[in-house]
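Now for the letters of each chain:
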Amino acid sequence: MGAHSDCVAIFMAWPYANGPLHLGHVAGNCLPADIQYKYERARGRRVLMCSGSDEHGTPITLTAEQEGVSPQEVVDRFHEINSKSLEDLGCSWVNNVDSRGIEYGGALYNRTSDMLHKEIVREVFQDLLEAGYLEQTTMQQYCSVSDGQVRFLPDRYVEGTCPICSADGARGDQCDSCGATYEANQLLNPVSKLDSDAAVEIRDTDHMFFRLDLFQAQLSERYGLQSKVWKPNVRAMTKNWLDMGLRPRAVTRDIDWGISLPLEGDEWDSKRVYVWFEAVQGYYTCARIWAERYATKAGHPKGIDAWEDWWKVDSAGQIPKHIYFMGKDNIPFHTIIWPSIIMGMNSAASGNPPSSAPGPGELALETNVPANEYLMLQGGQFSKSRKHGVWLPSFLERYDPDTLRYYLSINMPEGHDSDFRWDEYVDRVNNELIGTYANFVHRVLTLAHRLPHDSVNPLEQYYDQSLHLDEISQVREYLQSATDSLEKHRFKEALRSIMSIAQLGNSILQEAAPWNHLKSPNNPDAKQSLSSLAYSWLLCRGLAVTLRPFIPFQSDRLWEMLGYSEDIDTVNWLDSFDSDKFSWNNENPNPLFERLDLESILEHEKSLADSKDNESPPDEDDTGDGLIDFEDFVKVEMRTGKIVSVEDHPNADKLFVVEIQDGPESTRTVCAGLKGHYTASQLEGLDVVFVANLRPRKLRGVLSEGMLLAADDEDGNVRVLTPQSDMPPGSLVR
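Residues numbered from 1 in each chain as written. Predicted model: local features only at pLDDT ≥ 70, side-chain atom pairs only at ≥ 80, totals over all residues. Heavy atoms only, no water.

This part takes up the overall build of the chain. A tally of helices and strands in the chain yields 20 helices and 26 strands. Relative to the globule expectation of 27 Å for 734 residues, the C-alpha radius of gyration of the chain, 28 Å, shows essentially globular dimensions. Taking all 734 residues of the chain together, the buried fraction comes to 54%. Sequence separation of at least 24 residues holds for 73% of the intrachain contacts in the chain that already meet a minimum separation of 6. For the chain, the computed accessible surface area is about 32200 Å², with 45% contributed by carbon and sulfur atoms. (Helix = DSSP H or I, 4+ residues; strand = E, 2+ residues; numbered from the N terminus. Rg over C-alpha atoms; globule rule 2.2 N^0.38 Å. Buried < 20%, exposed > 50% of the residue type's maximum accessible area, 1.4 Å probe, protein only. Contact = heavy atoms within 4.5 Å. Areas by Shrake-Rupley, 256 points an atom, 1.4 Å probe, with all protein chains shown as cover.)

With that settled, the discussion passes to the pairing of strand β17 (residues 638-648). In this sheet, strand β20 (residues 687-691) lies alongside β17 in antiparallel orientation, the contact comprising five bridges. Residue pairing in the sheet places T640 in a bridge with V689 of β20. Pairing of β17 with strand β18 (residues 656-663) involves six bridges; the strand directions are antiparallel. Within β18, the residue paired with S645 across the bridge is E659. (Pairing = 2+ DSSP bridges.)

Moving on to the packing of helix α13 (residues 422-449) against helix α15 (residues 491-512). To describe two helices that pack against each other, one gives the angle between their axes and the distance between the axes. Viewed as axis vectors pointing N to C, α13 and α15 meet at an angle of 50°, and their least axial separation amounts to 9 Å. It follows from the interaxial angle that α13 and α15 lie oblique. Between α13 and α15 lies a crossing whose hand is left-handed. Every residue of α15 that contacts α13 at E432, L433, G435, T436, Y437, F440, R443, V444 and L447 is listed here: M499, A502, Q503, G505, N506, L509 and Q510. For the contact of α13 with α15, the class distribution of residues is eight nonpolar, six polar and two charged. (Axes fitted to C-alpha atoms, helices over the stretch in contact; angles between N-to-C directions. Parallel < 35°, antiparallel > 145°, perpendicular 65-115°, else oblique. Left-handed = near helix turned anticlockwise from the far one by under 90°. Nonpolar A, V, L, I, M, F, W, Y, C, P; charged D, E, K, R; others polar.)

Attention shifts here to the sheet that holds strand β7 (residues 168-171). The three strands lie next to each other as β7-β6-β8, forming an open sheet whose pairing is antiparallel. Strands at the two margins of the open sheet, each flanked by one partner only, are β7 and β8 (188-192). Direction aside, the axes of adjacent strands within the sheet are offset by 40° on average.

This part takes up the packing of aromatic side chains. Throughout the structure, instances matching the rule amount to 32 aromatic pairs. When the ring of Y283 is compared with that of W338, the centres are 6.5 Å apart and the planes differ by 50°; the resulting orientation is tilted. Of the two residues, Y283 sits in helix α8 (residues 282-295) while W338 sits in helix α10 (residues 331-350), which places them 55 residues apart along the sequence. Taking relative accessible area as the criterion, Y283 reaches 2% and is therefore assigned buried. Aromatic pair Y284 and W307: ring centres 5.5 Å apart, planes at 85°, arrangement edge-to-face. With Y284 in helix α8 and W307 in the loop between α8 and α9 (308-311), this residue pair connects regions lying 23 residues apart in the sequence. Neither residue differs from the other here; Y284 and W307 are each classed as buried. Grouping aromatic residues by their ring pairs yields a cluster made of F11, Y283, Y284, W307, W311, Y324 and W338. Against the face of W310 rests R46, its NZ or CZ located 5.7 Å from the ring centre. For R249, the ring lying beneath its charged end belongs to W276, and the centroid distance is 4.9 Å. (Phe/Tyr/Trp six-rings, centres within 6.5 Å; stacked < 30°, edge-to-face > 60°. Lys NZ or Arg CZ within 6 Å of the ring centre and 35° of its normal.)

Attention now goes to helix α3 (residues 71-88). Taking 1.5 Å per residue as the helical rise, α3 with its 18 residues ought to reach 26 Å, and the 26 Å between its terminal C-alpha atoms agrees with that figure. When we look at burial in α3, the residues that qualify are V74, V75, F78, H79, N82, S85 and L86. Along α3, the residues classed as buried sweep out an arc of 135° about the axis, all on the same side. Among the exposed residues of α3, those pointing more than 90 degrees away from its buried face are E80 and K84. (Expected span 1.5 Å × (residues − 1). Arc of directions from axis to C-beta.)

This is how it looks when you write it as structure tokens:
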């Protein structure tokens, strides 16, 4: 693989424009993409960020049907709402042209209903068809028949009884209760969600299919190259798809909302490009649209071809870096489907066979796909359709966006699902963001303002760098650690390293006690103490720069209070703590944040904080502080057991089916999400601890009769809990 150029493309998965963004979207892809964008710019790199509203497909038409309006009205409304929410959150989408110059890139939050997007998608469709990567196939699909009218129904429009677990409300191709997938003709008692009185039938319909199977070898090669870079969840899901064998996949749909096909014949008039096929192309179309609408007008030397700097391998073989941010449910679209489309586009353009290593002049493949797990809401999954969530627009109406950015960054679901809880939000903001960082900054600025000054910083005369060499070395170590983490997209880890610098600053201040020397600053005893205060000022300068990807609003505000005239955008990340330049602002400093009050927040948010479903009545016994009563704890029965056998789960790529000996002559089955952390042979024979009185439930079709206990360090390391010495299976854990 060739070396990377200094061009970095940040791609964020496109949110559906059928509702407002919730905090699950923010933690999963919106915030990580923006942090990375701001960091890459601070490194002096040329950065283009692309995403937008996904405005086609079934979720949009469902919302329109429910509201009795056109799909265009739905997407227009929510594109505007979500664009404003992202701007209010401090995301950089409004910066269409980089302030450093158009050659450095910019950002575009576009729409899949954009006419240029549609034109380019049709071009790609035609190119792949002519190259032999699309083929016509007859398939079976649900349709409703009422008063002689036949309407083909997407799977989401059909529900019935699951053929596997018999649960009601199963969708046309998948059951949410047991996780099983099945063919269209297997669903029992199918009913149309649009017209429950209409008869539902399965009829033949012709569609175009993308020959995904033709890219199996190249994608396997790519997996071999990328598996050392990808997260465990990305590796596991991609490998699972490859192991199952890739099959052709439909790229057209019987639906009237979407992109029309570049095909002749009446039989294609009622069909549209399938949303999965055109939405991923948005990363490519968005870059081309940015070049045409912004780069050309801003005078980019390449004009309409400016996008090529961020998309094509250059003549020297240097590859632009491509980083895709998304939730884990989108992984296969970015490691299997989109790379295969890109390889098909390259092959169609060159006439050569597909290649997993694009050459000069060809479109680049992904550099990394740092997909996140889910942010849960008090144990339940955020969901637009079930209206279970904390919605970004309403959150930003009441709370400082930087407090949300900090909390979601330090609680980001990078290696496993994390949970949004109001009590933890308040605790993190009050005790860390304010207690560690904001209080340090405010103490430094207010102490400096208590010294005699005449529109210049009085600390400059007291600063002696030679007195702080140990601290300077330690800060450089923390900065390097944060840099290494951000290069690997480990945002929690990076933020902890930067916050460690703030904590170090607090220790320096506490030990130096400069407040004891403010009235006699020229006393010889005051020299080291006031030099420490001066060094703390320089730490504040560096913290403003390095925390800016995480908390941009208050970083800019701190920069202004420090009085630096240079644009914070021009300060290189690696030089952020190297400056010995002092500045001054005569205005008295103000605190960066206000402390949060949990009780008032819970009072306002009780419909969300006290239940897992907005439509369920609140539980008056739940205070929302995350604590449980002793009576609840003693209900949990934990016992020892021995793992007898371990098998792969037939329907889940992360689960093992584990048989545990739970007594002298009895066993039980438990599904455990330990793949990627243990092999089956490593688990077999282990003495373990498990929850014995958990109500049995089916996990993707397999009944699980308990839960194994394991420790997770939040950095991807998981270890099963085992007794210190041999204990008979079934022993009670107290």
